[in-house]
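Letter by letter, the chains look like this.
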Amino acid sequence: MRRIWKLILLTAALALLLPGCMLKTIDEMYALPRRSEEYQDLQTAIDGVMGGLEYCAPIQGENQQTVQLADLNGDGQLEAVLFAKGSGERPLKIFVFSQRNGTYEQIAAMETTGTAFEQVEYAEIDEAPGVELVVGRQVGNEVLHSLSAYSFASGQADTILTAGYTRFLTAELDQDSLRELVVLRPGAEAGNGVAELYDFQNGAMERATEVPMSVPVENIKRIAAGGMYAATNAVFVASTYGEDSIITDVFTVVNGRFVNVSFSNESGTSMKTIRNYYVYGDDIDSDGLIEIPALVYPDEETPSRQDLLRWYNLTTTGDEVDKAFTYHNYLEHWYVTLESRWMDTLHVTRGQDVGQMAGYVFSCGSKGNVLFVIYAFTGDERMTLATSEGRFVLSQTEEVVYAGCLGPESRTFGLDQETLTSYFNFIQEDWKTGET
């Protein structure tokens, strides 16, 4: 696969060239005393277009630098893309600089409407060399924003698509090694949102039939692309549903058609993916596919199962394939993998205090015997507490030592210290949203 984009040390160096605090850090004090001629030359080219303008970096997504680098025309050299803002009817400016004869020259300038650059992606969308530049722009306080996709294969900026959107991303859904553009926007008359797929076909961008979402686009919380099942990729859109639930729409291409594989025509929602807990899809078992979580609902015999989760892959026919079970402790930012054979009788309670810390007791079996206990110790004596009275260290941070202790039922299921340690994990925050 051709290189999509590459932010290298030059990007970091470019950031130093932009206006900002002049106090030197320790790293700067030990840096080389002179910037290379390449950096200086690019800064000169940037200064030449910045008269009356201000820098205007995109405000969300993975690419939020004011100056970004990408091979736009496929010649093996990285072009520099500058985002700026001025005044007038078309205040947003995009400048592209390329190296020619050893110096940077401006090869393209795009002026467009909007109040801010919202999101930028680089993706191989058409069949020409290089990557395409996809830019989303905010337009006042409107729910519907404006998107443009540019190709530079001809040596200049050619607009290959303009569209309205609320959220968008690029993803490879039809296994042709090129990325498609998935756009989410409001539906008719303030109803549920719709998803649109734009694919490069027959020399132009073609739009597939729109597909319904389960909720209005204003409800979207998270959007991500990843493996769905087997060799199928999909776009996962998690949204709020009611006051305390979320729902996940799963969009992909099946037999050449863009579909929402989780959608039920009878209910008008993605009924199977509704859950009354804010847990998002994730690659929980590190197999490269995104699993969707579902609550293991409480019953009369096991009333404390509200944090027990079943993770499954959704197939292209809407069927569920179980992949893993976990107990997620979002309050303390850890989770533990559970074996499927425990689930019929497993329940979790808080135990007695040990050093002012009550452990989480996992019990199962016909008699509800203790399988294991997990503790989180703080304070000066945390390591001593974690390694006494049969307890052992599962993991630790600077301030907390997490410990496990095997119960009588562990012998029945063959659970040992090494296995329980491997089952313990920290919950990672999504760096894009700050959510878990």
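Residues numbered from 1 in each chain as written. Predicted model: local features only at pLDDT ≥ 70, side-chain atom pairs only at ≥ 80, totals over all residues. Heavy atoms only, no water.

## Focus on the environment of Ala70
Consideration 1: Structurally, Ala70 can be placed in strand β2 (residues 67-70).
Consideration 2: Judged by relative accessible area, Ala70 falls into the buried class, the value being 0%.
Consideration 3: Ala70 sits 61 residues away from Val131 along the chain, and the two C-alpha atoms are 7.6 Å apart. (Helix = DSSP H or I, 4+ residues; strand = E, 2+ residues; numbered from the N terminus. Buried < 20%, exposed > 50% of the residue type's maximum accessible area, 1.4 Å probe, protein only.)

## Considerations on the sheet that holds strand β9 (residues 158-165)
Consideration 1: If you trace the four strands from one edge of the open sheet to the other, you get β6-β7-β8-β9, paired in antiparallel fashion. Each edge of the open sheet is held by one strand with a lone partner, namely β6 (116-123) and β9. The average angle at which neighbouring strand axes cross in this sheet is 20°, direction not considered.
Consideration 2: Here seven bridges tie strand β8 (residues 145-151) to β9, and the two strands are oriented antiparallel to one another. Of the residues in β9, the one forming a bridge with His145 is Tyr165. (Pairing = 2+ DSSP bridges. Axes fitted to C-alpha atoms, helices over the stretch in contact; angles between N-to-C directions.)

## Some words on the nonpolar core
Across soluble globular proteins, nonpolar side chains have a tendency to be buried as a group.
Consideration 1: Core analysis: the largest hydrophobic core is formed by 27 residues, its most contacted members being Tyr327, Trp334, Val336, Leu338, Trp342, Phe362 and Phe372.
Consideration 2: Counting residues per element, the ones that place at least two in this core are β21 (320-329), β22 (334-338), β24 (358-364), β25 (369-377), β26 (392-396) and α6 (417-423).
Consideration 3: By residue number, the principal contributor to this core is β25, which donates four residues.
Consideration 4: In this structure, Trp342 is in contact with Thr337, Cys364, Leu371, Phe372, Phe413, Leu415 and Tyr423, ignoring residues within four places of it in sequence. (Core = buried A, V, L, I, M, F, W, Y, C linked by side-chain atoms within 4.5 Å. Contact = heavy atoms within 4.5 Å.)

## Some remarks on the sheet that holds strand β18 (residues 257-260)
Consideration 1: Strands sit in the order β15-β16-β17-β18 across an open sheet of four strands; the sheet is antiparallel. The strands lining the two open edges of the sheet, one partner per strand, are β15 (220-229) and β18. Strand-to-strand twist in this sheet, taken as the mean axis angle between neighbours without regard to direction, amounts to 20°.
Consideration 2: Bridge count between strand β17 (residues 245-254) and β18: four bridges; the pairing is antiparallel.

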